[in-house]
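# Architecture and fold: a report
These are the residues of each chain, in order.
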Amino acid sequence: MLREKLNWTTQKSESTDAGHRGGMLCSSDEAAVIAVERRKRVVQRKHVGQPQWEEPMSQVKPFEINKHDVFNAWRQVKANRGAHGIDEQTITEYEGSLKDNLYKLWNRMSSGSYVPPAIRGVEIPKRDGKMRLLGIPTVSDRIAQTVVRNLFEKQVEPDFHPDSYAYRRGKSALDAVRVTRRRCWQYNWVLEFDIKGAFDNIDHELMLKAVRHHTNCRWTLLYIERWLKAPMLMTNGQTVARDKGTPQGGVISPLLFNLYMHYTFDHWMKSYYPDVPFVRYADDGLLHCRSEREAIVLQQAIGERFLNCHLELHPTKTKIIYCRDANRKGKYINIQFEFLGFVFRGRLAKSRQGKYFNSFSPAVSRASAKSIHKRMREWKLTRWTNAELGDIASKVNSSLRGWWNYFGEFYPSALKRVFAHFNTLLVRWVVRKYKRFKGSTSKAKKWLRGLSEREPNWLFHWQLGLLPAVEQ
């Protein structure tokens, strides 16, 4: 059914082994993935200027790339959506000539003539007020990257360290937070590190060396090298050549970054410090230490290791923390740290026996709470005077649910205080919408509270019992 949709045919008598044609077999697994697809005749299109869909059987491609892999990559790119590249072509526009576009991409990749276009440089603000540079590929290039990523990921994923959590299927940021919480109870000290400009400073020679260690597939190696070196077109029209780094925003960049960090840090730690547990999420990492002295030694060691791999520890974001709680009452300059939107520190907790004690645990950080508040204000609910509560619910419930499912996983009472801000915004909406509440916030609060008790399913946080407060 898929072949009929694409109008691409494959002969049953054709071999799927590149060795049958004298070609280079990339790996034992790859023969099952990459199929040889020959064509017996040329199918002429009725419309002038349309590309040919079939090729003569004598025309053999240097690289064996399965057309179904290209189509599946397209479906992934479409599902992920995303912005346009330098050609300004959107997903919808690309889909308008889908067969022609996919065939053209497959044909170029299979012949080895595909050259990635420049990526579009876009700056976005970071939480600290600085800017992060993203590199946005074109739709077609994202499909090409997805084809290679899907194949190469199967070859490298089994070798990745279990405590590497970013950009991996079956692992999540919450998994990393959960493991960190448990280890903070077991170890008194934490070495927190951050890499300065990690994605921008990846050494291409070392990167390609790591890629070659895992595959000898010629087209995988060829296109990864081309993507690493693809130039970036800035918003001012300047084209910048790239001799290092892998752009954030590229489909294959997260996988390449994980591979680079696997040999720079994960595998190195396993070889030289096997008794030191760690958690790494992209360029952020935590090492759990038994003493301050051990943490100091490790900080110096990983600093030297990163320099040897052309990376550098962030001078202010790398620090040593003492996990102070009820059982660890020593004094130290740093007794808390932030990781993946949570802040770890001593908190009031309740034991199963009903006793309260101080526990070193994560909760939504102040920076994350501010980000949520900012997003809520951007909804500008007070301007929705013509909308009903159901309209508001359809707009905000997915965001409220997402925040709760993530930040509410640990110490949810901290997030409840954040959600209370949204009830305040709803009260302001009521005052603006209904004339009878003009100038009377207290009456608006009572009315909204009554509504939330009668219809708690309207809004997600009402379902959790987070109802508007009423002045006593």
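So, about the overall build of the protein. Regarding its fold elements, the protein presents 16 helices and 11 strands. Contacts in the protein between residues far apart in sequence, at least 24 positions, make up 68% of those at least 6 positions apart. For the protein, the computed accessible surface area is about 24900 Å², with 48% contributed by carbon and sulfur atoms.

The next subject is the pattern of salt bridges. Side chains that carry opposite charge are capable of pairing whenever their charged atoms lie near each other. Taken as a whole and assessed by the stated rule, the structure comprises 13 salt bridges. Here Arg-178 makes a salt bridge to Glu-409, at a shortest N to O gap of 3.1 Å. With Arg-178 in helix H7 (residues 173-186) and Glu-409 in the loop between helix H13 (389-407) and helix H14 (412-433), this residue pair connects regions lying 231 residues apart in the sequence. The residue Glu-225 makes a salt bridge to Lys-229 at a minimum N-O spacing of 3.1 Å. Of the two residues, Glu-225 and Lys-229 both sit in helix H9 (residues 218-229), 4 residues apart, roughly one turn of that helix. The network of salt bridges with common partners includes Asp-175, Arg-178 and Glu-409.

A separate point is empty space enclosed by the protein. Tallied over the full model, the rule gives 3 cavities of 30 Å³ or more. Residue lining of the second largest cavity: 15 residues in total, with Gln-145, Trp-227, Leu-228, Pro-247 and Ser-253 positioned closest to the centre. Going through the elements one at a time, helix H6 (139-156), H9 and helix H10 (253-272) are the ones with two or more residues in the lining of the second largest cavity. Considering only residue class, the lining of the second largest cavity consists of 10 nonpolar, 4 polar and 1 charged.

Turning to a positive patch on the surface, a few remarks are in order. Residues Lys-130, Arg-132, Lys-196 and Lys-317 make up a contiguous surface patch of positive charge. Relative to the elements of secondary structure, Lys-130 occurs in the loop between strand S1 (119-125) and strand S2 (131-136).

As a further point, take the layout of surface pockets. Volume-wise, the largest pocket comes out at about 1700 Å³. Taken together, 43 residues make up the lining of the largest pocket; nearest its centre are Lys-126, Arg-127, Arg-132, Asp-284 and Lys-317. Residue assignment for the lining of the largest pocket shows that the elements contributing at least two residues are S2, strand S3 (189-194), strand S7 (284-289), strand S9 (337-339), strand S10 (342-350) and helix H12 (366-378). Of all the elements, H12 adds the most residues to the lining of the largest pocket, at 4 residues. Considering only residue class, the lining of the largest pocket consists of 19 nonpolar, 8 polar and 16 charged. For the lining of the second largest pocket, the elements supplying multiple residues, two or more each, are helix H3 (67-80), H6 and H10.

This part covers unusual backbone geometry. The phi dihedral of Leu-340 is positive, around 55°, even though this residue is not glycine. Phi is positive for Tyr-411, close to 50°, though the residue is something other than glycine. Looking at the secondary structure, you find Tyr-411 in the loop between H13 and H14.

Let's shift gears to the sheet that holds strand S5 (residues 239-240). With respect to topology, 4 strands assemble into an open sheet ordered S2-S1-S4-S5, the strand pairing being mixed. The strands lining the two open edges of the sheet, one partner per strand, are S2 and S5. In the sheet, S1 pairs with strand S4 (residues 232-233) via 2 bridges, with the strands oriented parallel. Of the residues in S4, the one forming a bridge with Arg-120 is Leu-233.

In this fold, Ser-253 is placed in helix H10. A relative accessible area of 2% means that Ser-253 is categorised as buried. Apart from residues no more than four positions distant in its own chain, Ser-253 is found in contact with Phe-199, Thr-246 and Pro-247.

Our focus in this paragraph is the packing of H6 against H10. Between H6 and H10, the least distance of the axes is 10 Å, while the angle of their chain directions is 25°. One way to sum up the angle between H6 and H10 is to call them roughly parallel. Our pair here, H6 against H10, has a crossing hand that is left-handed. Across from Arg-149, Phe-152, Glu-153 and Val-156 in H6, the residues of H10 making contact are Leu-255, Leu-256 and Leu-259. Along the lines of polarity and charge, the residues of the contact of H6 with H10 split into 5 nonpolar, no polar and 2 charged.

This part takes up the nonpolar core. Ranked by size, the top nonpolar core spans 68 residues in total, and within it Met-109, Ile-143, Met-207, Trp-219, Ile-224, Phe-265 and Leu-287 carry the most contacts. Per-element accounting of this core gives the leading share, 9 residues, to H10. Counting residues in hydrophobic clusters, the runner-up holds 53 residues, among them Cys-184, Cys-323, Leu-400 and Phe-422.

With that settled, consider the confidence of the model for the protein. For the protein, per-residue confidence averages 87 on the pLDDT scale, and 87% of positions sit at 70 or higher. Note that residues 1-53 has pLDDT below 50 and, in this model, 100 contacts with residues that lie over four places away or in other chains.

On to the pairing of S7. For S7, the tally of buried residues reaches 5 of 6 residues, placing the bulk of the element in the interior. Pairing analysis gives 6 bridges linking S3 to S7, with the strands arranged antiparallel. Within S7, the residue paired with Leu-191 across the bridge is Leu-287. Counting the residues that bridge the hairpin from strand S6 (residues 278-281) to S7 gives 2 residues, and of these Ala-282 lies at a positive phi of roughly 60°.

Parameters at a glance
Residues numbered from 1 in each chain as written. Predicted model: local features only at pLDDT ≥ 70, side-chain atom pairs only at ≥ 80, totals over all residues. Heavy atoms only, no water. Helix = DSSP H or I, 4+ residues; strand = E, 2+ residues; numbered from the N terminus. Contact = heavy atoms within 4.5 Å. Areas by Shrake-Rupley, 256 points an atom, 1.4 Å probe, with all protein chains shown as cover. Salt bridge = Lys/Arg side-chain N within 4 Å of Asp/Glu carboxyl O. 1 Å grid on protein atoms, 1.4 Å probe; cavity = no way out; pocket = protein on both sides within 12 Å on 5 of 7 lines; lining within 4 Å. Points joined across faces, edges and corners; volume = space filled by probe spheres on them. Nonpolar A, V, L, I, M, F, W, Y, C, P; charged D, E, K, R; others polar. Patch = residues over 30% accessible without salt bridge, like charges linked within 9 Å, V, L, I, M, F, W, Y side chains within 5 Å. Lys, Arg positive; Asp, Glu negative; His and termini not counted. Charge placed at Lys NZ, Arg CZ, Asp CG, Glu CD. Pairing = 2+ DSSP bridges. Buried < 20%, exposed > 50% of the residue type's maximum accessible area, 1.4 Å probe, protein only. Axes fitted to C-alpha atoms, helices over the stretch in contact; angles between N-to-C directions. Parallel < 35°, antiparallel > 145°, perpendicular 65-115°, else oblique. Left-handed = near helix turned anticlockwise from the far one by under 90°. Core = buried A, V, L, I, M, F, W, Y, C linked by side-chain atoms within 4.5 Å. pLDDT = per-residue confidence, 0-100.

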